[in-house]
Amino acid sequence: MFLGALAEQLEDAAPRLRPEAIEQAGTCLLDALACAYGGREMPWVSQARSVAGSGDEAAIWAAGGRRSGLSDAVFANSVACHALLHEDTHAESRVHPGTVVIPAALAIGERLGSPLVDVLRAIVLGYEAIAQVGAAVLTDDFVARGWRASSVFGPFGAAAAVSSLLRLDPAATAHALGLAASSSAGICQWARDGTTEVFFQNAGACRAGLAAALLAREGATGAASAVEGIFGLRQAFGGARGGAGLPEVRLDRMAISATFFKAHPSCALTQEAIDAAQQLAAQGIEPDAVADASVHTSGAAARYPGCDNGTSLTTTISRQMSLQFAVAAALTDGALRPHRYSGPLDPRLAELAARTSVVVDPDADRAFPARRDARVTVRLTDGRTVSATNRDGVNPTAAAVAEKFRDYAVPVLGPDADDIVTTVRDPGSCPDTAELVARLR
C-alpha cells in the first residue's frame, strides 16, 4: 500500500537526513515566519484570529502574545503564513508546503517541548510526504477539474510532521496519512471570482493533518490504500486508476531541497515574468510606449486558474494571480510594489494588462518544473520589439530569506528578530521549541 510504504520510508529516512536538508528546513521556517509577520494585518488574518477560541495550548504568532487552543492557533498561523502570497513553493507538486507543515510542526514542538532540531527534521519529512503524494496523484485532469494542490496534498504534510514529533510508529503514521486523505479538498473557483477562501484553504489542510496525527495516536484508523485504491485520491482527484507505483524517498533529492522562495508577493507562477519585466523597465521601456506585450511561459503557468487574466483585476487575489497584472506593474514601477494589490486599480496598469497576452512557450513547457523559464516581449509604438528572459527561475538565497524575515518582523520584534535568526541557524542551541515560540509575540 502506498501510504504504508511512505510511512516506513519516512521513518527510515528520519535519522539519516543530510545536514543540508535540516539547514534548508530552518530557512523554510524563517520564510514562513517572515510571511506571518508581514501578513499580520491582512483582513483574512484578522478574520482567522477572530474565530479562534480561548485557551492556552499554543501561541498565535505576531499577535502580541495571544494564545489559543491548539487547532485554532494552528489555523490562524497558517492563514498568516499564506496571507501575502509570499510563501515558499515546491514546483513539482504545485504546493506551498511551508503554510501547512510549519504551523503544525511548530505548535506540536511547542506543546511537547521538542528540541528545535527535531522540529526541523519533522518539517523535512512533512515536505517530503506532500511531494510523494503529489507525484502519485497530480495529473493534467487534476488541474483541469479545478482542484488546488496545496489543500489537497497539504494534510499529508502536516500529518507526517506531527506523526514524527509524536514518535508514532510506521503503522500509526500510515493511519494518520490515511485519515489525512479524507480531508483533502479545495477548489480554485476563487481565482475566477476574486474571493478570499484561498487564504483559508491551506489552513484547513494544516488543521486537518494535525488532527489526523492526533487521532491516529489515539487509535483511529485510516485507509492504507487511500491514494491508489479504487475510491482513492488518484481516482477521485486525478481521474486515473492504477499506475500510482510506490513512493521513493531518497536522501539525495528530498523535496525540501527543491523548494524555492519567492522574490515577490505574488503567485509562484508569476515570479519569472516579473523579473523579466523588471529587466525591461531597467532598460528604460516606458509603459505608455508599449503597443502590446506578451508573456511566454510554461503551460502550467498559462493554464493555472487566474494566471491568464488581463481584464478582471478588481480584487487583491485577482491581481496577485495575474501574469498580465504582474508584468504591467513591474514595467510601470520597475518592481512589484505591494500597494498595487489593494485599492482602486490604476487605469494605466489596467490598460497595459489588457494589452498583454499569455503564450505557452514550448521550451519553457518542456523544462517545467525542473526549470521555471519566462520571457516577456513588448512591441513598442515606434515599431521596435524588445524582449527579456528569466531562465531557471528565481530563488532567493538563505541570506535573502533571513533578510526578508528581518524586514517583516523587526517592526514588531525589534532586535529580537536577529536573535530568532541566530537560534534557527543554530538549532542545537534550542533544546525546547517552546522557548523559541515564546519570542514570536
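See above for the structure.
Residues numbered from 1 in each chain as written. Predicted model: local features only at pLDDT ≥ 70, side-chain atom pairs only at ≥ 80, totals over all residues. Heavy atoms only, no water.

Participant: Please clarify how unusual backbone geometry should be interpreted in this entry.
Facilitator: Where the residue is not glycine, phi is negative for most of them; where a peptide bond is considered, it is trans in most cases. The amide bond that connects Phe368 to the next residue, Pro369, takes the cis arrangement and shows omega of 5°. Note on placement: Pro369 falls in the loop between helix H18 (362-367) and strand E7 (374-380). Located in the positive-phi region is Arg94, a residue other than glycine, with phi close to 65°. Considering the arrangement of structural elements, one finds Arg94 in the loop between strand E3 (89-90) and helix H5 (97-112). (Helix = DSSP H or I, 4+ residues; strand = E, 2+ residues; numbered from the N terminus.)

Participant: Would you take a moment to explain the pairing of E7 for this structure?
Facilitator: Consecutive side chains along a regular strand alternate between the two faces of the sheet. In terms of burial, E7 is largely enclosed, as five of its seven residues are buried. Note: strand E5 (residues 290-297) against E7, six bridges, orientation antiparallel. Looking at the pairing, Ala293 lines up with Val378 of E7. Strand direction decides the pairing type here: E7 and strand E8 (residues 385-390), joined by six bridges, are antiparallel. (Buried < 20%, exposed > 50% of the residue type's maximum accessible area, 1.4 Å probe, protein only. Pairing = 2+ DSSP bridges.)

Participant: Would you explain helix H1 (residues 2-13) in this entry?
Facilitator: Every α-helix carries 3.6 residues per turn, so stepping three or four residues along brings you back to the same face. For H1, which comprises 12 residues, the first-to-last C-alpha distance of 16 Å matches the rise-based estimate of 16 Å (1.5 Å per residue) to within 8%. Within the sequence span of H1, burial applies to Phe2, Leu3, Ala5, Leu6, Ala7, Leu10 and Ala13. Against helix H6 (116-137), helix H8 (149-166) and helix H9 (170-181) lie the buried residues of H1. (Expected span 1.5 Å × (residues − 1). Contact = heavy atoms within 4.5 Å.)

Participant: In this structure, what is going on with helix H16 (residues 323-333)? I would like to understand it.
Facilitator: Counting buried residues along H16, nine of its 11 residues qualify, which places the element largely inside the surrounding structure. Taken together, the buried positions of H16 are occupied by Leu323, Gln324, Phe325, Ala326, Val327, Ala328, Ala329, Ala330 and Leu331. Put simply, Ser322 is the residue that caps the front of H16, since its side-chain oxygen is 3.2 Å from the backbone nitrogen of Gln324. Remark: Gly334 follows H16 within two positions and exhibits a positive phi of approximately 75°. (Polar contact = N/O pair within 3.5 Å; in protein donor to acceptor, adjacent residues only side chain to side chain.)

Participant: What is the right way to look at the sheet that holds E5 in this model?
Facilitator: Note: strands within a sheet are paired through backbone hydrogen bonds, in either parallel or antiparallel orientation. Taking strand neighbours across the sheet as the criterion, the four strands line up as E6-E5-E7-E8 in an open arrangement whose pairing is mixed. Only two strands of the sheet have a single neighbouring strand rather than two, namely strand E6 (356-360) and E8. Neighbour-to-neighbour, the strand axes of the sheet open up by a mean angle of 20°, direction not taken into account. (Axes fitted to C-alpha atoms, helices over the stretch in contact; angles between N-to-C directions.)

That's the geometry; what it means functionally is another story.
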